[in-house]
Every structure is written in structure tokens, then in C-alpha cells.
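Take a look at the letters that make up each chain.
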Amino acid sequence: MNEQVKKTRDPFVRITKRDGVTFGKACIVRAVCIAVALLLCAILTVLVTGQNPLVMFATVFKGAFGKGRGFVTLHEAALLLCVSLAVTPAFRMRFWNIGAEGQALIGGLATAVIMFLFHDRMSTFPLVLLMTVSAVVAGAIWGVLPAIFKAHWGTNETLFTLMMNYIAIRLVEWFLKIADKSGSNVVSHSLLGDGIPNLFGVQYLFNIVVVALLTVVLYIYLQYSKHGYEIAVVGESENTARYVGINVRKVIIRTMILSGAICGLAGLLIVGGASHSIDSNIIKGRGFTAIMVSWLGKFNPLYMILTTFLLVFLARGADEVSTICGLNSSFSDILTGIILFFIIGSEFFIHYQMHFNWSFFEREKNDEAGAFSAEKPAQTDEKEEA
Amino acid sequence: MAENIALQLKNISKHFGTIMANRKVDLDLVRGEILAVLGENGSGKTTLMNMIAGIYYPDEGQIFVDGKEATIRSPKDAFEYKIGMIHQHFKLVDIFTAAENIALGMHDEGKFDMAKIEASVAELTEKFGFEMDPRKKIYQMSVSEKQTVEILKILYRGADILILDEPTAVLTPQEIDKLFAVLRRMRESGKSIIIITHKLHEVMAISDRVAVLRRGEHIATVKTAEVSEAELTEMMVGKKISLNIDRTEPKNPTDRLIVKNLNCFSIDGIQKLSSVSFTARSGEILGIAGIAGSGQRELLEAIAGLQHLSGGEITYIDPQTGVEENLRDKTPQQIRELGVRLSFVPEDRLGMGLVGNMDIVDNMMLRSYRRGRSLFLDRKQPSNLADEIIASLEVVTPSSHTPVRRLSGGNVQKVLVGREIAAAPTVLMAAYPVRGLDINSSYMIYNLLNAQKENGVAVIFVGEDLDVLLELCDRILVLCGGKVSGIVEGRKAKKEQVGLMMTKTEGVS
């Protein structure tokens, strides 16, 4: 009996952590994952719609970068990147700010209110300045409230920031009621005026330039400034932060002011620099997509440029597919979903290694007589050692 | 006799990686007795008990319950053999009541009837003399009440063999008395009890027999009535081993740090330090000995400005000016601003002393990154320091840009100690600096500490190996349960004497 128990059997699949994967190897893993994702998309397309998958991929590409599309895609990416940059300092601090949607919306609301009140009473430059200040301050307030509660009373920042989103939405709806008596659910251009003028006569150029500058500045801030270093230390271990005398509360609050302020700036760009109108869905979920951008980009502003483009490219391409190929828009969502699933899944294979134990099945047959052999006594021990 | 044995272990071994936690241990538990298992930290007590309770599975050896060989693969198996263990860290659901926690995971026949469960819990409390309201929620309970719930949980499952892992560590003396009364009542009703402890007076007070473990091996099992505390201590700590660590005479020691009457409580309200007083002198290594969790961590953290104190004073005397500074209730940052060069090598290297995901360079500047007015970091000096430490302490690393969590334990420690010493401290505190290190790395650390001492630094060394403490330190402060049980001369003290002081507090129950 005891002898049998000692023959503990390794499970069929064993997963071990691998450490120190080279950059090149990680890229290969990612490329393989994307290739598999595209292959799966192609198979699914043929099976479900009977369309040529190559035509479909070409359409995706055209949708994003086709004639007259490139610049719009670039602008779209800039806006998403702006919100993503905003959440990144908080994420580096392991402060899960999922309220970027609300922080950007409240920034947009502040912009809209200023435009509504002053667009025909002030000249452009002071108006834009006032819009900017109020948007940034509004976003910062929305960001700092959960931070204060977290820092002083240990509340859960995820719930807090999430709930702040709904407050922002209701505030916008309230503003709609006051500003537009017609009962429309959009406060339109005619009531708000022109907002931020075009830079060199090019539409959206202002937004793109601002976000490009912001990316560089934030990269330097996070990587080379003392503040950025403190954020990283607090994120890695609050104990270490305390040990070296970092004021953890101060860092949490300061960083969330920054995060909220950049969100507010995004709201300014969206309302004042692009739509010139406001409704409660003006941010269009960018606050949540930003989480994915930041995470996939490993909280590094430069990598995030790539992940932003990937996501915007997929979204715009998918839209095009559904219109051109006459497919339900849900189908393009499925394809986007598959690709994202594989991209996120690739991280698993970069960090973990799978060991297959083929002799597992062979022994099973031999063991049938001694059916009482141990099933998994060794497992708890392994965890303990790890 | 043979049929009276409830539980028998034969030849049990268990290793984790290269570390032997238990080596060929034999142990037996007589029905209706209280057996104390005694041993220092890391002597394998908990591992051995975990194998009986189904948490671990032995690599070798056999377990017999009631004379029949048993295979215990999980806590569930253990319950089938009527074995239950009360762990050091309670496993209770905070928002449930006592009765709900006790019933959790049971699959009784028929309808789930809370009233019935509460009634049978009340019956058990009555029988063994606990004080417990089955409807009280866990989060409203004191530590001792939570422990009672854990014991009831096991009795409710019908256990005849109870294992308690350091049950007294978290209790006040009055609560300990109550617990012992309950244990005696359980013994009278025929239960067999194993109690892990390293407090000798408790062993003497409660147990019928004592099993002593040392470095994973079973030394002896003796009748408590036939043995003295001194004999037990010797069995526990073993004979003195010579290590040949150089120890120079302190050069004109002067008082550097005066600690008076420190009191400190944990978040749970347990007193971690009570009236701790001592003086650390320049040019001297002050050792701190004690069983793990006797207040060493709290003491060092209090000096470093990381613990909230409920009473006491910490005074630092500047070696140049002789000015006295009060360090109590100052943050680490404020302490530094006072010009006090206090270095601290904490016990938790990667969780407190270093940032695992950062490279060696970034870890070098953890303490010094604020220097200068610039908003930006200066990585040049830290980078030079990193290269220096890698070269002088022979840190094995691919480069100074390797995240420190990739380094081996010894190299991590060299990086940490190197950084703390590079700050040219006047007081250096090191908690378990050689834990998990191989012989060579350990000696390198001893030499570094000695070099600091010779430079006139006041060194405070918290250690667990008595042989090392006795050969390295000039004086040794012994802590027991948050109190100072004495300060002895490192050159004259006997190992047994220190061992006895580690396990003995006043107010024996």
C-alpha cells in the first residue's frame, strides 16, 4: 500500500514559470499567436459567410488606411492614446483607475459648459485657455476623489472610480436638459460654437500634436523623473516605499491628480477640438479601451503607441467590413475579439512554459490493476515550494 | 501499551528542494495525553504536524492511526482518521458567525438546519468549558475567541487527535490559562492532543510528555515530570559548535542609541513590545536573540520610524556633536533630515529592502534618489555604486541592469547590505542577514558587519542561529514575547543560558 502511494504520478500538463525571456523570443511568440488568430479568423469567415477571407482582410486594411481614412484613423488613435496615457501613471502605481471614462467626460462637460456660456462673448485665445483650465481641473477633481479615499481610508479604488463614471454621465444629462430646451439628447455645435480652432487650417491637427507632445513628456516623466520613480516604487511594494521614506498617501493623491487631469485634457480634445458637441456617450468607451491599450503596452507610453494603433486599426477595419461585405456588425466584433484574445493570450506563453508528460497515458494503462494509486498528493507540496 | 497508542509516526522524512525539513522522525502519541513538540525555528515541527494533518505528504515513512497504517493525502483524509489541526493562522470567514464557520464544508444528511448546528455547538462548548456565543460574527471576535472557533470546528467534526500549532503565541496569560483548562478537560474525555510550542514553562505546565526536534531530527521523547527545563533546553539547542568568526574588542564604545521602555501593539491589538530598553554603543555589535515573532521585527521597525509606538523613547546621540535627537514618531524621511545616518537591512529583502522588478542600479538609488534639487533622477552615481558593489562583494549577475528578483538569495542580500553600508551609517541594523545564505556568503556578511563595527558603527544584529550570535556579538539582548529577558556578554554567555532566556517569561501559568 505504502509503496504504491510513493509512485506519485506527474499530471499530464505541468505549467512552470519561465524567467528572463529574451525580447526576440517574446516577439516570435507574439507573431505566432497573431498568425494563429488570423488563420482562425479566416477559417471562421469561410465557414460562416462563404466570403474569401483575403478580400475581408484587404477590406479591414482599406477601412483603416484607405483614401482619406488615414488621417481620421490617426486622429482616432490620438484620442484613444490620450486617455490611455492618462490611466498609465495610475496603473504603474497599481491603482486600478477604471474611471477614465468619467474623468474624460467630466473634462468634456467642463469644456462644453465654458463654450456654452462664453463662446459668443470671448475671443478665441482666452476662451480656449479657460476651456483647458476648467477641463483639466474638472478631470483632476474626478480623479483625486477616489485617491483621497483610498489613501486615507483604504477604500477600493476600482469600485470608486467606476461609480464616479455614472455620476459624470448624469451630470452631462442634466446639462443637456438645461442647455438644450428642445429635449434633444445632444448639445450641438450651434449652441457651443467652434471651440479650438484648426491648427494651420488642418482639422484635428491640434489634437494630434498635443497628444504627440504629451506622449513624449509622459514617457520622460515616468522613466526619468523622481516622481516617476516614486510611482514605480509605490506600485511595486508599499512596504518598500515606506521603508525608504516615500509618503505613500501623497504619491497616490498626486498621481491621481495627474491621471485625472490628463483625462480631463482628453475630454477637452474630444469636445472642444473634435465634435464641438456633447452627449453622455461622447467618450465612446475609450476610457475602458484605454485600460487594454495601457496593459498591452506594458504601461510604457512608447509601446502604447503601437497597441493604440492596433486597436484602432481593428475597430475601424471591422466597421468597414460590416458595411462593405454586408455583414452584421457583430461579426466584425467577433473577429476583433478573436485577435485580441490571442494577443492577450500570447502573454501567457511568454511567461509560462508548458511541459507535456506523454508517458501519462502509457502508465494509466499499466496501472489499471492498482487502481488505488495516489492521484495527486504531491501537488500541494509543489505550490508550497514555488 | 501498544493498543493505547493513538498515532504513530515511523521514519518520516520530508524535504523541500535541497533542504531536509524532517529526517527519519519517529513519534508516538498515547491516547488521552498531551504531547508537547518542542524545537527552535526551522526545526521541522510545523512540517511534521502538517504531514499528519494532510497538508503535506511525507517523502518517506509511515503513519499509523490506531495501529493501522494510514494514507493521509488531504485534510479531508485526516478528518476521516479523526485528526484535526489548528493552524497558527486562522482559516475563518470573517463575515460568518461562529456556528456558520463551524458548519462550513460539512455535508450532513438532510436539510441544512442552522438552529440544530447552533445547538450542537452550544453543547460542545458546554462540555469542554469554552466561552462562546455561536451566533457571534468572526470579525467581532478577539483572537482568543477565533481560536476557540477553530478548536470547536475540529471537535465538531469528531476529531480525537488534535494538533495545535503554537496556540499560545497570540494569547494573553489569562487566555492561556483558559486554553490550558480546556485542553485538560479534553484530555480527561479521552482526546489526544499535540501542542507545538517553544515556551518551556508552558511545556512544563501542560504536557504529559515532550518530544524534542532539532534541525528536522527527533532528539528524544521524555516524560515531562522527569525532566528539567535546563535539560530540555540543551536537547533543543544542542551542543555549541565553533564557527571561528573574528571578533575584535570594541574600541572605546560610546552610547549611540538609547531605547527606553518601548511599547507597541499590532493592528489586532496584540502587544508586540513591552517596556523594551537597551543601549546600542559605537564600535560594538549588539545581537538580538529570540524565537521568531518575539518582537524583533517591531523593534527594528520602531527605530527605523516604521512602527507606531504606544509608549517609550528612542534617543540618538550624534557622534560628532554629541547632540541628542529624539527619533520617536518620526518618519524615515524625517530621521534622515535630522542627519541621522541609520541603515536598515530588513528581514523581508524583496518585499521591503529592495524592489524585485527593478534593476540593481535603480535599487541602489532607493535611499538616495531624492538628492539634489533636480526634478529628474541621476542614475550615474547609483550606476557607479552598483558596479562597485558587484565587484567588491562578488555579486553574481549578468549585469547591473538585471532585475534583482532574478538574482539568487545570497546575491540579493549582498546588493541590499552593500547599499546600506555604502550610505556610511552610524547605526546599522540587520535582521536575519544570513538567512538562506550559503556558508561563504554568510561569512562575507559577518566580515562586513565586523568591518562596520571596527569603523565605529553601532551595529544591531538580529539573528536566529545561537552559535553565530555567540561568536559574532559583543553583547546579546534576548527577547521573549516582546519583553527583554536579559542582556548577556557575548564572550561569556553559554548557549543553554541564552536558549533558556529565549523561552522563559515571567508570569508562568
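The model shown is predicted, which means the values in this text are computed figures rather than measured ones.

## A look at the packing of aromatic side chains
- Tallied over the full model, the rule gives 17 aromatic pairs over all chains.
- With centroids separated by 5.7 Å and ring planes inclined at 70 degrees, the aromatic side chains of A:Phe61 and A:Phe313 adopt a geometry described as edge-to-face. Linking A:Phe61 in helix α3 (residues 53-65) with A:Phe313 in helix α14 (residues 301-324), this pair joins segments that are 252 residues apart in sequence.
- Judged by its relative accessible area of 47%, A:Phe61 falls in the partly exposed class.
- An angle of 75 degrees between the planes, with centres 6.4 Å apart, marks the rings of A:Tyr219 and A:Tyr224 as edge-to-face.
- Residue classification places A:Tyr224 among the partly exposed residues on the basis of a relative accessible area of 40%.
- Positioned over the ring face of B:Phe79 is B:Arg157, at 5.7 Å from the centre of the ring.
- Geometry around A:Tyr243 places B:Arg367 over its ring, the cationic atom sitting 4.4 Å from the centre.

## Quick word on the interface of chain B and chain A
- The interface of chain B with chain A comprises 46 residues on the first partner and 32 residues on the second.
- In total, chain B and chain A occlude about 3200 Å² of area from one another, counting both sides; carbon and sulfur atoms represent 53% of this.
- The largest per-residue losses of area from chain B upon contact with chain A belong to B:Tyr57, B:Arg73 and B:Tyr369, which jointly make up 19% of the total buried on that side.
- There are zero salt bridges connecting chain B and chain A.
- When contributions to the side of chain B that touches chain A are tallied by element, the ones reaching two or more residues are β1 (5-16), β4 (60-65), α10 (332-337), α11 (349-353) and α14 (409-422) of chain B.

## As for the side chain of A:Ser225
- With respect to the secondary-structure elements, A:Ser225 resides in the loop between α9 (205-224) and α10 (226-236).
- Setting aside residues up to four positions removed in sequence, A:Ser225 forms contacts with A:Ile220, B:Leu375, B:Phe376 and B:Leu377.

## Some thoughts on a nonpolar patch on the surface
Residues and elements named next belong to chain A.
- A cluster of nonpolar side chains, contributed by Phe125, Leu129, Val133, Val137, Ile141, Leu145, Phe149 and Trp153, occupies part of the molecular surface with about 800 Å² of accessible area.
- By the element assignment, Val137 lies in helix α6 (residues 124-153).
- Classification of Val137 by relative accessible area gives partly exposed; the value is 42%.

## So, the nonpolar core
- Of all hydrophobic cores here, the largest spans 185 residues; its most connected members are A:Ile278, B:Leu257, B:Leu262, B:Phe278, B:Met429 and B:Val498.
- The element contributing the most residues to this core is helix α12 (residues 248-275) of chain A, with 13 residues.
- Once residues within four sequence positions are removed from consideration, B:Val498 is found in contact with B:Ala289, B:Leu466, B:Leu470, B:Val478, B:Val488 and B:Ala493.

## Focus: the sheet that holds strand β11 (residues 255-265) of chain B
All names here are of chain B.
- The strand order β12-β11-β14-β15 describes an open sheet built from four strands, whose pairing is antiparallel. Of all the strands in the sheet, the pair left with one neighbour each is β12 (271-281) and β15 (324-326). Between one strand axis and the next, the sheet turns through 20 degrees on average, direction left out of account.
- Direction of pairing for β11 relative to strand β14 (residues 311-317): antiparallel, over a ladder of five bridges. Pairing of Lys260 across the sheet is with Glu313, part of β14.
- In the packing of helix α9 (residues 296-303) onto the sheet, the strands contacted are β11, β12 and β14, and the crossing angle to β12 comes to about 60 degrees.

## Regarding the pattern of salt bridges
Residue and element names in this part refer to chain B.
- By the definition in use, this model includes 31 salt bridges over all chains.
- Asp208 is the partner of Arg187 in a salt bridge, and the nearest nitrogen-oxygen pair spans 2.8 Å. With Arg187 in helix α6 (residues 173-188) and Asp208 in the loop between α7 (200-206) and β9 (209-214), this residue pair connects regions lying 21 residues apart in the sequence.
- What emerges from the salt-bridge pattern is a single network uniting Glu249, Lys453, Asp474 and Arg491.

## So, helix α5 (residues 143-156) of chain B
Residue and element names in this part refer to chain B.
- Over its 14 residues, α5 extends 20 Å from the first C-alpha to the last, a length consistent with the 20 Å expected when each residue adds 1.5 Å.
- Counted residue by residue, α5 has twelve buried out of 14 residues, so it is predominantly covered.
- By the burial criterion, the buried members of α5 are Val143, Ser144, Gln147, Thr148, Val149, Glu150, Ile151, Leu152, Lys153, Ile154, Leu155 and Tyr156.
- In this structure, the buried residues of α5 make contact with α2 (75-80), β6 (83-86), α3 (98-103), α4 (114-128), β7 (161-165) and α6.

## Side note on the sheet that holds strand β20 (residues 483-489) of chain B
Residues and elements named next belong to chain B.
- Judged by pairing direction, the sheet is mixed, and its six strands sit side by side in the order β16-β17-β18-β13-β19-β20 without closing on themselves. Here the strands that pair on one side only, and so sit at the sheet edges, are β16 (342-345) and β20. For this sheet the average axis-to-axis angle between neighbouring strands, irrespective of direction, equals 15 degrees.
- Against the sheet, helix α17 (residues 495-503) touches β13 (284-289), β19 (475-480) and β20, its axis set at about 30 degrees to β19.

## Digging into the environment of B:Asp387
All names here are of chain B.
- Inspection of the secondary structure assignment puts Asp387 in helix α13 (residues 380-392).
- The exposure class assigned to Asp387 is partly exposed, which follows from its relative accessible area of 40%.
- In the structure, Asp387 is positioned 56 residues away from Tyr443 in sequence and 22 Å away in space, judged by C-alpha atoms.

## Looking at the domain arrangement of chain B
Residues and elements named next belong to chain B.
- Domain parsing of chain B yields domain 1 (2-237) and domain 2 (255-503).
- Taking only C-alpha atoms, the centre of domain 1 and the centre of domain 2 are 36 Å apart.
- Buried surface at the junction of domain 1 and domain 2, summed over both partners, amounts to about 1100 Å²; 63% is from carbon and sulfur atoms.
- Across the contact surface, domain 1 and domain 2 share zero salt bridges.
- At the junction of domain 1 with domain 2, the criterion picks out zero residue pairs in polar contact (both at pLDDT 80 or more).
- Sort the elements by how many residues they give to the side of domain 1 that touches domain 2 and helix α8 (residues 229-237) lands first, with six residues.
- Broken down by class, the residue content of the side of domain 1 that touches domain 2 amounts to six nonpolar, four polar and five charged.

Calculation rules
Residues numbered from 1 in each chain as written. Chains lettered and ligands numbered in written order. Predicted model: local features only at pLDDT ≥ 70, side-chain atom pairs only at ≥ 80, totals over all residues. Heavy atoms only, no water. Phe/Tyr/Trp six-rings, centres within 6.5 Å; stacked < 30°, edge-to-face > 60°. Helix = DSSP H or I, 4+ residues; strand = E, 2+ residues; numbered from the N terminus. Buried < 20%, exposed > 50% of the residue type's maximum accessible area, 1.4 Å probe, protein only. Lys NZ or Arg CZ within 6 Å of the ring centre and 35° of its normal. Contact = heavy atoms within 4.5 Å. Buried area = accessible area lost by both parts, 1.4 Å probe. Salt bridge = Lys/Arg side-chain N within 4 Å of Asp/Glu carboxyl O. Patch = residues over 30% accessible without salt bridge, like charges linked within 9 Å, V, L, I, M, F, W, Y side chains within 5 Å. Areas by Shrake-Rupley, 256 points an atom, 1.4 Å probe, with all protein chains shown as cover. Core = buried A, V, L, I, M, F, W, Y, C linked by side-chain atoms within 4.5 Å. Pairing = 2+ DSSP bridges. Axes fitted to C-alpha atoms, helices over the stretch in contact; angles between N-to-C directions. Expected span 1.5 Å × (residues − 1). Domains from an automatic or database assignment. Polar contact = N/O pair within 3.5 Å; in protein donor to acceptor, adjacent residues only side chain to side chain. Nonpolar A, V, L, I, M, F, W, Y, C, P; charged D, E, K, R; others polar.

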